[in-house]
Amino acid sequence: MDILPHYMSIYKQILQDLENALPFLEVPKPRAGRKPKLTDIQIAAIFILSSITRMKVLRLVQLLIDPSIQSWHIFRKYRLKKVYRILREYQLYRLRLVILMKLLLGKKIELVIDGTIVDAANVNRARTQNILRLS
C-alpha cells in the first residue's frame with residue numbers, strides 16, 4: 001500500500017486551512033526579493049504534518065514537494081522564527097474558534113494541545129490548582 005498519496009492529501013488539507021486562516025493571523029508580509037523554494041506557510045504545514053506522522057521534516061519535504069530541497073531551505077534561523085510565529089498564531093486562532101464553538105453550540109468540546117487532551121471548560125480549575133501549588 002502506497003502511503004504517499006495519503007500524506008499528500010493531509011498536507012494539502014493542512015496547507016489549505018493555513019492559507020484560509022492567514023488573513024486572521026498577525027503574520028508579517030514577506031519582503032521583496034527572490035522567491036524562496038518553500039513559503040513559510042508550506043514549511044508550517046510540513047511541521048504540522050511531521051508532528052502528526054512522526055516523520056522527519058526534511059524527508060517529508062523531499063517526498064511531497066521537491067527532492068532537490070536541502071535542509072538550509074527550511075532550517076535557516078530567520079525562517080524558523082517566522083514559521084514558529086505562524087504556528088503560534090495559528091494555534092491561538094484555532095483555540096479561539098473552539099472556544100467560540102463551545103459558547104455558541106453549548107457542547108463539551110475538547111482541545112488537543114501538545115499531544116494532551118484538555119477540556120475547554122476546566123480552564124479555571126487549572127488556574128486554581130497552580131495557585132494552590134504556589135501557596
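Residues numbered from 1 in each chain as written. Predicted model: local features only at pLDDT ≥ 70, side-chain atom pairs only at ≥ 80, totals over all residues. Heavy atoms only, no water.

Student: For this particular structure, what's the right way to read the pattern of salt bridges?
Tutor: Pairs can form between side chains of opposite charge whenever their charged atoms are close. Using the criterion set out here, one finds three salt bridges in the structure. Asp40 is the partner of Lys82 in a salt bridge, and the nearest nitrogen-oxygen pair spans 3.5 Å. Residue Lys82 is found in helix H4 (residues 77-105), and its partner Asp40 is found in helix H2 (residues 40-53); the two are separated by 42 residues along the sequence. Judged by relative accessible area, Lys82 falls into the partly exposed class, the value being 31%. Each member of the salt-bridge network shares a partner with another, and the members are Asp40, Arg79 and Lys82. (Salt bridge = Lys/Arg side-chain N within 4 Å of Asp/Glu carboxyl O. Helix = DSSP H or I, 4+ residues; strand = E, 2+ residues; numbered from the N terminus. Buried < 20%, exposed > 50% of the residue type's maximum accessible area, 1.4 Å probe, protein only.)

Student: Can you help me understand helix H1 (residues 4-21) in this one?
Tutor: What sets the pattern is the α-helix's 3.6 residues per turn: residues three or four places apart point alike. Its 18 residues give H1 an end-to-end C-alpha distance of 26 Å, which sits within 8% of 26 Å, the value for a rise of 1.5 Å per residue. When we look at burial in H1, the residues that qualify are Tyr7, Tyr11, Ile14, Leu15, Leu18 and Ala21. Down the axis, H1 shows its buried residues gathered within 125° of arc, on one side only. Within H1, the exposed residues directed more than 90 degrees away from the buried face are Lys12 and Gln13. Buried residues in H1 make contact with H2, helix H3 (57-64) and H4. (Expected span 1.5 Å × (residues − 1). Arc of directions from axis to C-beta. Contact = heavy atoms within 4.5 Å.)

Student: Help me out: how do you make sense of the environment of Leu4 in this one?
Tutor: Here Leu4 shows up in helix H1. In the structure, Leu4 is positioned 60 residues away from Leu64 in sequence and 7.6 Å away in space, judged by C-alpha atoms. Discounting chain neighbours no more than four positions away, the residues touching Leu4 are Leu63 and Leu64.

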